[in-house]
Amino acid sequence: MVHVLEAGLEFMQNDNPHGKPCVNGYNIINGQLTKASDGGSFDSINPAILSDKLGNFPLSTKDDINLALDAAHAAFPAWAATPAPTRGQIIGNMGRLLMEHKDAIVALETREIGKTLKESAGSVQEAIDTCLFFQSEGRRLYGQTVNSELPDKELFTYRRPLGVCGIINACNFPAAVPFWKMIPALMCGNTCVWKSPQDAPLLSFALARIMHEAGLPDGVVNLVHGKGSGAGQHLVDAVDEGRVNKISFTGSTEVGKMIGEVCGRNLVSCSLELGGKNPLVVMPSADINNAVEGAYWGGFGTAGQRCTSLGNLILHKDIYDEFMDKFMAKVESTRIGDSLHNDGVLYGPMLSEKYAKDFLVGVEMCKSSGAKQIWGEGRITNQNKPTNFLGDAEEGVYMWPHVFVDVTEDMQCFHDEVFGPAITVCKADDFDHALHLANASPYGLSSAIYTNDRLEAYRYKTGIKAGMTGINNSTTGAEAHLPFGGVKGSGNGTRESGIWVIEAYSYWHAVNDELSGKLQLAQMDVEEVEMVEAEVDWSQLA
Ligand code: UN1
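Predicted model, so just to flag it, every value in this text is computed and none were measured.

Asker: I'd like a rundown of the packing of helix α2 (residues 84–100) against helix α6 (residues 201–213), residues and numbers included.
Answerer: Two numbers describe how α2 lies on α6: the axes approach to 8 Å, and their chain directions differ by 125 degrees. One way to sum up the angle between α2 and α6 is to call them oblique. With respect to the hand of their crossing, α2 and α6 are arranged in right-handed fashion. Within the contact between the two elements, α2 uses Met94, Leu97 and Leu98 and α6 uses Leu207, Ile210, Met211 and Glu213.

Here it is, written out as C-alpha cells:
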C-alpha cells in the first residue's frame, strides 16, 4: 500500500478523444491508497462531454467500509485529545491550500459535474470560507463556568466530540457541502468516514488529499467511493451495528427519512439536509426587474440543481402579465453550454446522466399534473435546441429551461421537487393567498419575497415556515456563517454552517467539582433564605 502523501497522481491509459487526463482513483483509508476489496470500480464522466472520462474509482464493499470505520475509531482518541487550536490550525491550512490551488480545483469541479466556472468558484470559495471560519473557532469552542447552588463547589460545561461521523453528500456542491459537514466535525474532535458522491469522486479525492497535505493525521478522514445503494448503504447499515456515532446526509427526502429511521432506532444523532420546493413571491410593490432577475437566477442558475433552487414562483395577479413578459424574454434567450469552452453561459449540462434521467421524469410529472407547459422541450439535441445553446448538444446531457403555468395547490407538481431547470408558476389573489401558497408544499427549506412594503416583508418573514428566507433576493445564496437547513420535509431541524453547526457535532458535558471535602446534596442541602415580613403599607406612597 502507498501513503497518500508519497504518491503522485496516477494517470491511466485511456481512449479519451480529447486528450484529457484520466486518473486512477483510490479510497484513502488510514492515509493509505486502497482499491475495492473485490476489485470493483466505476468511472467518473464529464456530463458536458460524455466521451471525456475523468477517472476510475473503487466501488467500495462492506469490507472496505469496515476498514474505514476501523481506521476512524483507531484515530479518534488521539484526535479528540489534540488541542482544539491545533485542530483549527490544520483546518486553516486546508483553507490556505484550497486558495493556492483554487483555479485547478474549480476547473476540475466544472469538468466533473458541469457547473459553470463562476459557480464552481463559488462552491470552492464556500469551502474556503468554512475553513477560515472554523480555524479561529478552534481557539474558542467555548464551554461555560456555572455557579453552583452549594458553597465550595464549581460547575462547568464542555463540548465533547461524538465519535465517528459518517458523511454522505450530494454532488451538486461537491466542495462546499462536505466541508460544511467535515470541517466542524473535525474541529469538535470527531473522525470521519466520507462516502464521496458517485458523480464527483475525483474532486472528492483531490479534496481528501489536500486535507492530508494540510497536516491531518492518518485515519481522521477516511474517503470511500461508491454508489449510494452500495457504499452509502453499508455506512448507514453500520449504524445498526453500533459502529457510527453520527450520520450527516445531504440528499433526497426519501433517503433522508430512511437514514433518520435507522439513526432514530439506535439513538444516533443525524443531520439531514433534504429537498425543497422553495417558493418565491412577487408582490405589486416590488421592483419587477429585480424580481425577474432573482426568480430567473433562482430557477435556472445551476440548471436548477441546488436544494435552494426556486420551485414555486407565486405572482400577485396585478403584476402577473408584466412579470411573465419580462421573465419569459430572459428564459427564451438563456445561454446554455459547456462553461469550459463558452463564455457567459447561465448553465451547463445536468450534473450527470442520472440527474438528467430523473429530471425528465419530473417534467413528465408536471405535464400529467395538468400544469400548462409554456416553455421547454426536454433534452436539448442538435435538431431541437434553444436559440442560445452553444456547442454540440449531443456531446453531453443538456436540458431546456422549462416553465409550467396555471399551477394550483391540488396539483402534484405544486408539491413535488423537480431537481433541474423547471419552475411551476402560481397566481395569487392577495398577500394572504400568496403566503398560504408559499406554506402549502410539504417542504420548508428556502423561501423568498419581492416587495417594497415593509409590513408585507415582515408578515412574510414571520408567517413563512422555512429555514431560510430572502427579502428582495432569490431563494439561493446562503453564506458560510449563517445557519443553513430546513423544516418540514426539508430536514430534521439540524443546521449546517456558522457556530450553530457545532451543536450537531458535539454534545454538552456537564461537570461538577465538589471542593468542600464532604457530600453536599443538591436541592436538599441548599441553605434556605427566609423572608422577613415588615409592616409597611406601600399604598401610602401613591
Ligand atoms: C445545496 O444545494 O445543497 O445557498 C447547497 C446556496 C448555496 C448552497 C446550496 N450556497 O444555494
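Next comes the rest of the write-up.
Asker: Which residues make up the packing of aromatic side chains, and what values do they have?
Answerer: Counted according to the given criterion, the structure contains 11 aromatic pairs. When the ring of phenylalanine 57 is compared with that of phenylalanine 205, the centres are 6.4 Å apart and the planes differ by 75 degrees; the resulting orientation is edge-to-face. Of this pair, phenylalanine 57 sits in strand β6 (residues 53–58) while phenylalanine 205 sits in helix α6, and the two are 148 residues apart along the sequence. When sorted by exposure, phenylalanine 57 lands in the same class as phenylalanine 205, which is buried. For the ring pair phenylalanine 389 and tyrosine 398, a centre distance of 4.9 Å and an interplane angle of 75 degrees mean the geometry is edge-to-face. Pair check on accessibility: phenylalanine 389 and tyrosine 398 agree, each one buried. Above the plane of the ring of phenylalanine 173 lies lysine 115, whose end atom (NZ or CZ) is 3.5 Å from the centre. Just above the ring of tyrosine 355 sits the side chain of lysine 354; from NZ or CZ to the centre is 4.7 Å.

Calculation criteria
Numbering of residues starts from 1 in every chain and runs along the sequence as written. Residues qualify for local features only when their pLDDT is at least 70, as the model is predicted, and side-chain atom pairs are given and counted only at 80 or more; totals for whole chains, interfaces and linings, by contrast, use all residues. For side-chain calculations, the full set of non-hydrogen atoms in the structure is used, while hydrogens and water are omitted. Axis definition: a line fitted to C-alpha atoms, over the contacting stretch in the case of helices. Angles run 0 to 180 degrees between N-to-C directions. Helix and strand assignments come from DSSP, with helices taken as H or I runs of at least 4 residues and strands as E runs of at least 2, each series counted from the N terminus. Here roughly perpendicular refers to angles of 65 to 115 degrees, roughly parallel to angles under 35, roughly antiparallel to angles over 145, and oblique to all remaining angles. Two helices crossing with the near one rotated counterclockwise from the far one by less than a right angle form a left-handed crossing, whereas a clockwise rotation gives a right-handed crossing. Residue contacts are defined here by distance: any two heavy atoms, one from each residue, within 4.5 Å place the two residues in contact. In this analysis, rings of Phe, Tyr and Trp, with Trp reduced to its six-membered ring, are considered paired at centre separations within 6.5 Å, and the interplanar angle assigns stacked below 30 degrees, edge-to-face beyond 60, and tilted for intermediate values. Accessibility here uses a 1.4 Å probe with only protein chains present; expressed as a share of the type maximum, an area under 20% marks a residue as buried, one over 50% as exposed, and anything in between as partly exposed. A ring is considered to have a charge above it if a Lys NZ or an Arg CZ atom is located within 6 Å of its centre and within 35 degrees of its normal.

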